[in-house]
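What follows is the residue order along each chain.
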Amino acid sequence: IRLMEPDDNERYGAAGYGEAWHNPTVHAVPNPRLRRYPVPGHSVGADVFTSTTTRFVPDVAKAADYSETLLGCQSLICVPLIALTKALSVLDIRSLRPTPLHADSVRSATVLASHIALYIQLHSIIRDAIDAATEAESARAEAEHARAEVKAVQTQQRDTYRDLTHQLRTPV
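Residues numbered from 1 in each chain as written. Predicted model: local features only at pLDDT ≥ 70, side-chain atom pairs only at ≥ 80, totals over all residues. Heavy atoms only, no water.

### A short note on the pattern of salt bridges
The tally for this structure, following the rule as stated, stands at 8 salt bridges. Across the pair R55 and D65 runs a salt bridge whose closest N-O atoms are separated by 2.7 Å. One end of the pair, R55, is in strand β4 (residues 55-57); the other, D65, is in the loop between β4 and β5 (75-83), and 10 residues separate them in sequence. The exposure class assigned to R55 is partly exposed, which follows from its relative accessible area of 23%. Of the residues examined, D65 reaches a relative accessible area of 15% and is grouped as buried. Taking the shortest distance from any N to any O, the salt bridge between R147 and E144 comes out at 2.8 Å. Residue R147 and its partner E144 are both found in helix α2 (residues 105-169); the two are separated by 3 residues, about one turn of the helix. For R147, a relative accessible area of 51% gives the class exposed. (Salt bridge = Lys/Arg side-chain N within 4 Å of Asp/Glu carboxyl O. Helix = DSSP H or I, 4+ residues; strand = E, 2+ residues; numbered from the N terminus. Buried < 20%, exposed > 50% of the residue type's maximum accessible area, 1.4 Å probe, protein only.)

### Points about helix α1 (residues 44-51)
Every buried residue of α1 is listed here: V44, G45, A46, V48 and F49. Just downstream of α1, T52 is the residue with a positive phi angle, here 50 degrees.

Next up, the structure:
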């Protein structure tokens, strides 16, 4: 899964799983999770992200815009992660086996991508709600503190006025 970093206009490897990710001898670049992928850019993933169209590449050797991240990759399914009509990321599924991924796998990848996108969006909504609740609690605490200060000033004014009134009414 390659998430989008909107400030830098880049995608980055957020998660990887499978035999290739756990075998550094097949990495075409050192630590592919740290690699940044510009958007727009010249790669299958960048194309899928910007067009929000799924791509099935049965033979990566024939794809001019394939960017080699894993040595020996034979086929690729790249699916945009879309939630609320916004592209959040790209899910790419790669096979190192000589038999290419099957075209029917595209449907499964699309369903998986839609679920992942919903979870990413839900996480974002929950994080925003927690931030808003924290801000609201902080504002409530500040308001309570200000209310206590106002009450203390009012009490001091009342006591001062009472003492002053007493002094003025009482003859020396």
